[in-house]
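# Fold and contact review
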Amino acid sequence: MQPIIKVRGLSKRYTITQRVDEYQTLRDSIVHAFAAPLRRLRANRNRDADGRSGASEVWALREVSFDVMPGEVMGVVGRNGAGKSTLLKILSRITEPTLGEAELYGRVGSLLEVGTGFHQELTGRENLFLSGAILGMRRAEIKRKFDEIVTFAGVEEYIDTPIKRYSSGMHVRLAFAVAAHLETEILLVDEVLAVGDAAFQKRCLGKLGDVARQGRTVLFVSHNMATIEALCDSCLYVANGRLVAQGPPRHMIEHYMGAGMDAGSGVRDLRSHPGRRRGSEALMSSVALYSVAPKPTAILRTGDPLSLCISYSSERAFRPVLTVGVKTVHGVPIFNVSDRDARQLASCAAAARATVICEIPEIPLLPGNYVADISLGDTRGDFDIIKDAISFEVVPADLFGTGRLPSPALGPVFCRANWSLKPYEAEPDGIGENEHGCAS
């Protein structure tokens, strides 16, 4: 089987030039014109061995190569500025590559900037036909799908109202509905799920899932790791304009999260920590966070394991008791774990220098940023207490296989539950209902 998308050595260079004031005097224009040859000569001298001018040129993409097979849903992950959107714009023929080539075999639909091409003075109906034509839909195709698009957007009552009177949510819903109903072999999607309310985002996710199940090829850029894991068959990890790795979504997500923060993230020196409580003995020297990867990390997914490794050094030997409290960045406590309750270290030998490890098998937190307080002592009390010892981020995970999680706005704690349905059975004789309507 031949790839439906073939990308070979794709590179894109942008030139950054200094802005010239829009309004100049005649003298300024003459000086600027006479100085131009000197500026070009200086720029040529500053070019490096690769022909780049380090101060005036930026490579948004460098030598990116990959294949996408028919019917494959491929995700693209990476930090802001990594080159993901540039890649999709080149594949959509919006911009031309500086080097390399991309071959796409089939009709291409793009969901890059939802709402592009809408005219504020035209009605929703007129804009639907206009936007569909811009995106490459034939008039007969738009007519056939008209009712389906309007129903999906939820703007039936306002379809003949000028777009300028639409709310921002209605505007986005209609724009996405038009683009999502394109009948194309290839669909390029760039973070469209970041717009709209929660209900609309779920509807978008469901539509993209339908597109994937229809066997169409999708290249999907998103910062929502749960969505990437739920929808995609494979994944690209892009960083600094280069393709770092390609493979299963879960592995690429772990790779991306492990490199998502600065070097040394997930490790904090505690010897002179500003959060140490006054009067504490400076016993704890460092704390490190570990999850599924062998290296320390400050980014983990909902439901992943979390291990905190706290090293301490003292002039006297003692049996350590460690307490870890996790709270939101606003200081609201979420949970607290302590060996003062579990007493699992009670049988350990006293030590003046050691590393205490606290293992949480499954972190019960929804996506967000969190902070850990830690205290070290023995059975008599705490010697060293540090507030805001280390922070970490929890990102989404596809725990249910649906690409969905409860909204963190409803509370930060994640709780699993099992659901079942039992057929109705008549209550035995003698069992009535109490005043609340429940069997008693």
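Residues numbered from 1 in each chain as written. Predicted model: local features only at pLDDT ≥ 70, side-chain atom pairs only at ≥ 80, totals over all residues. Heavy atoms only, no water.

### Description of the packing of aromatic side chains
Scanning the model with the defined rule gives five aromatic pairs in all. Measuring from centroid to centroid gives 6.0 Å for Phe 129 and Phe 146, while their planes differ by 25°, and the two rings are stacked. Placement of the pair is Phe 129 in helix H3 (residues 124-134) and Phe 146 in helix H4 (residues 139-153), with a sequence separation of 17 residues. Take Phe 129 and Phe 146: they sit in the same class, and that class is buried. Here the aromatic residues Tyr 312, Phe 318 and Phe 383 are joined through ring pairs into a cluster of three or more. Its end group placed over the ring of Tyr 14, Lys 12 keeps NZ or CZ at 5.2 Å from the ring centre. Its end group placed over the ring of Trp 59, Arg 62 keeps NZ or CZ at 4.2 Å from the ring centre. (Phe/Tyr/Trp six-rings, centres within 6.5 Å; stacked < 30°, edge-to-face > 60°. Helix = DSSP H or I, 4+ residues; strand = E, 2+ residues; numbered from the N terminus. Buried < 20%, exposed > 50% of the residue type's maximum accessible area, 1.4 Å probe, protein only. Lys NZ or Arg CZ within 6 Å of the ring centre and 35° of its normal.)

### Concerning helix H2 (residues 84-91)
Burial within H2 is extensive, with six of its eight residues counted as buried. The set of residues buried in H2 consists of Lys 84, Thr 86, Leu 87, Leu 88, Ile 90 and Leu 91. At its buried positions, H2 is contacted by strand E1 (5-15), strand E2 (57-68), strand E3 (73-77), strand E4 (99-104), strand E6 (186-190) and strand E7 (217-221). Trailing H2 by a residue or two, Arg 93 shows a phi angle of about 65°, which is positive. (Contact = heavy atoms within 4.5 Å.)

### Some words on the confidence of the model for the protein chain
Looking at the protein chain as a whole, the pLDDT averages 83, with 86% of positions reaching at least 70. Low pLDDT (under 50) marks residues 260-264, which in the prediction has four contacts with non-local residues, meaning those over four places away or in another chain. Considering only residues more than four positions removed or in separate chains, one finds that residues 436-440, a stretch of pLDDT under 50, has eleven contacts. (pLDDT = per-residue confidence, 0-100.)

### Observations regarding H4
Each full turn of the α-helix corresponds to 3.6 residues, which orients residues three or four apart in the same direction. Of all the bends in H4, the greatest, near 55°, is centred on Lys 145. Of all the residues in H4, the buried ones are Glu 141, Ile 142, Lys 145, Phe 146, Ile 149, Val 150, Phe 152 and Ala 153. A positive backbone phi angle near 70° is found at Gly 154, which sits one or two residues after H4. (Bend = angle between axes of the 7 residues up to and from the residue.)

### Some remarks on the packing of H4 against helix H5 (residues 168-180)
At a minimum axis distance of 8 Å, the contact between H4 and H5 shows a crossing angle of 140°. Taken together, H4 and H5 sit at an angle that is classed as oblique. When you trace H4 past H5, the crossing you get is right-handed. Touching Ile 149, Phe 152 and Ala 153 of H4 are Arg 173, Leu 174, Phe 176, Ala 177 and Val 178, all from H5. Taken together, the residues that form the contact of H4 with H5 break down as seven nonpolar, no polar and one charged. (Axes fitted to C-alpha atoms, helices over the stretch in contact; angles between N-to-C directions. Parallel < 35°, antiparallel > 145°, perpendicular 65-115°, else oblique. Left-handed = near helix turned anticlockwise from the far one by under 90°. Nonpolar A, V, L, I, M, F, W, Y, C, P; charged D, E, K, R; others polar.)

### Description of the nonpolar core
By size, the foremost hydrophobic cluster in this structure holds 46 residues, and its most contacted members are Leu 128, Val 155, Leu 174 and Phe 220. For this core, the leading source of residues is H5, giving eight residues. Leu 289, Leu 300, Phe 318 and Tyr 370 belong to the second-largest nonpolar core, a separate cluster that totals 31 residues. (Core = buried A, V, L, I, M, F, W, Y, C linked by side-chain atoms within 4.5 Å.)

### Regarding the environment of Thr 323
For Thr 323, the position within the fold is in strand E14 (residues 321-328). A relative accessible area of 12% means that Thr 323 is categorised as buried. Considered as a pair, Thr 323 and Asp 382 are 59 residues apart in the sequence and their alpha carbons are 9.0 Å apart. Setting aside anything within four residues of it in sequence, one finds Thr 323 in contact with Asn 336, Val 337, Ser 338, Asp 373, Ile 374 and Ser 375. Side-chain polar atoms of Thr 323 contact the side chain of Ser 338, separated by 2.8 Å. (Polar contact = N/O pair within 3.5 Å; in protein donor to acceptor, adjacent residues only side chain to side chain.)

### Some thoughts on the pattern of salt bridges
Tallying each qualifying case throughout the model produces 17 salt bridges. The closest approach of N and O atoms between Arg 107 and Glu 141, which form a salt bridge, is 3.4 Å. Of this pair, Arg 107 sits in the loop between E4 and strand E5 (108-111) while Glu 141 sits in helix H4; the two residues are 34 residues apart in sequence, bridging distant segments of the chain. Notably, a salt bridge pairs Arg 276 with Asp 384, separated by 2.8 Å at the nearest N-O pair. Taken together, the residues Arg 276 in the loop between strand E10 (267-269) and strand E11 (284-290) and Asp 384 in strand E18 (residues 381-395) connect sequence positions 108 residues apart. Asp 384 shares its class with Arg 276; the two are buried. (Salt bridge = Lys/Arg side-chain N within 4 Å of Asp/Glu carboxyl O.)

### Quick notes on the sheet that holds E11
Reading across from one edge, E10-E11-E13-E16 is the order of the four strands in this open sheet, with antiparallel pairing throughout. The two strands at the open ends of the sheet, each matched to only one other strand, are E10 and strand E16 (351-360). Neighbour to neighbour, the strand axes of the sheet diverge by 15° on average, direction disregarded. Sheet topology note: the strand E13 (residues 306-318)/E16 ladder contains nine bridges and is antiparallel. Note on E16: the bridge partner recorded for Leu 306 is Ile 360. (Pairing = 2+ DSSP bridges.)

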